[in-house]
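Residue-level listing of the chains:
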Amino acid sequence: QVQLVESGGGLVQAGGSLRLSCAASGSIGSINPMGWYRQAPGKQRELVASITSGSSTAYADSVKGRFTISRDNAKNTVYLQMNSLKPEDTGAYYCYIWVFLRQYWGQGTQVTVSS
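What comes next concerns the included structure. (Residues numbered from 1 in each chain as written. Predicted model: local features only at pLDDT ≥ 70, side-chain atom pairs only at ≥ 80, totals over all residues. Heavy atoms only, no water.)

**Structural notes on the overall build of the protein chain**
Short version of the rule: Comment: elements are numbered from the N terminus, with helices defined as DSSP H or I runs of at least four residues and strands as E runs of at least two. Two things to know: the radius of gyration comes from C-alpha atoms, and the globule rule equals 2.2 Å times the number of residues to the power 0.38. Throughout, exposure labels follow a simple rule: accessible area from a 1.4 Å probe, protein chains only, divided by the maximum for the residue type, with under 20% read as buried, over 50% as exposed, and the rest as partly exposed.
What the protein chain contains, in helices and strands, is zero helices and 11 strands. Ordering the α and β elements of the protein chain from the N terminus gives β-β-β-β-β-β-β-β-β-β-β. Taken over C-alpha atoms, the radius of gyration comes to 13 Å for the protein chain, in line with the 13 Å a tight globule of 115 residues would show. In terms of overall dimensions, the protein chain has C-alpha extents of about 40 × 25 × 20 Å along its principal axes. A total of 115 residues make up the protein chain; the buried ones form 42% of that total.

**A closer look at the pattern of salt bridges**
This is how the line gets drawn: We define a salt bridge as a side-chain nitrogen of Lys or Arg found within 4 Å of a carboxyl oxygen belonging to Asp or Glu.
All told, the structure shown has four salt bridges when counted by the stated rule. Close ionic contact of Asp89 with Arg38 constitutes a salt bridge, the shortest N to O distance being 2.9 Å. Within this pair, whereas Asp89 is found in the loop between β8 (77-82) and β9 (91-99), its partner Arg38 is found in strand β4 (residues 34-39), the two being separated by 51 residues in sequence. Each member of the pair, Asp89 together with Arg38, is buried. The salt bridge partner of Arg66 is Asp89, with a shortest N-O separation of 2.8 Å. Residue Arg66 is located in the loop between β6 (57-59) and β7 (67-72), and its partner Asp89 is located in the loop between β8 and β9; the two are separated by 23 residues in the primary sequence. According to the relative accessible area criterion, Arg66 is buried, its value standing at 10%. Look at the salt bridges and you will find they share partners, linking Arg38, Glu46, Arg66 and Asp89 into a network.

Structure, rendered in structure tokens:
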């Protein structure tokens, strides 16, 4: 069984910053690809950022230059540093991890950006 626990969401004004964390535990084996999706009300879930086992990263165009994904392999934790936040970044953020060809999800953490 694999568990993901997210933290760091909250309410912030436009232009502010937040740092999300996601700690993985359980039968995760070695270093695995991880990332973050988000879902705004009434919209489809979208991939925000991903990081491979080799720490290569990818970002949605809408967050490039503002968000940074990183990982601490010793802690099995992935981070999402979000700067210059905009109201359109509001949504529930979910982290994931791939383990043996299966994707696991966290419970989600809410990010609300006020204008």
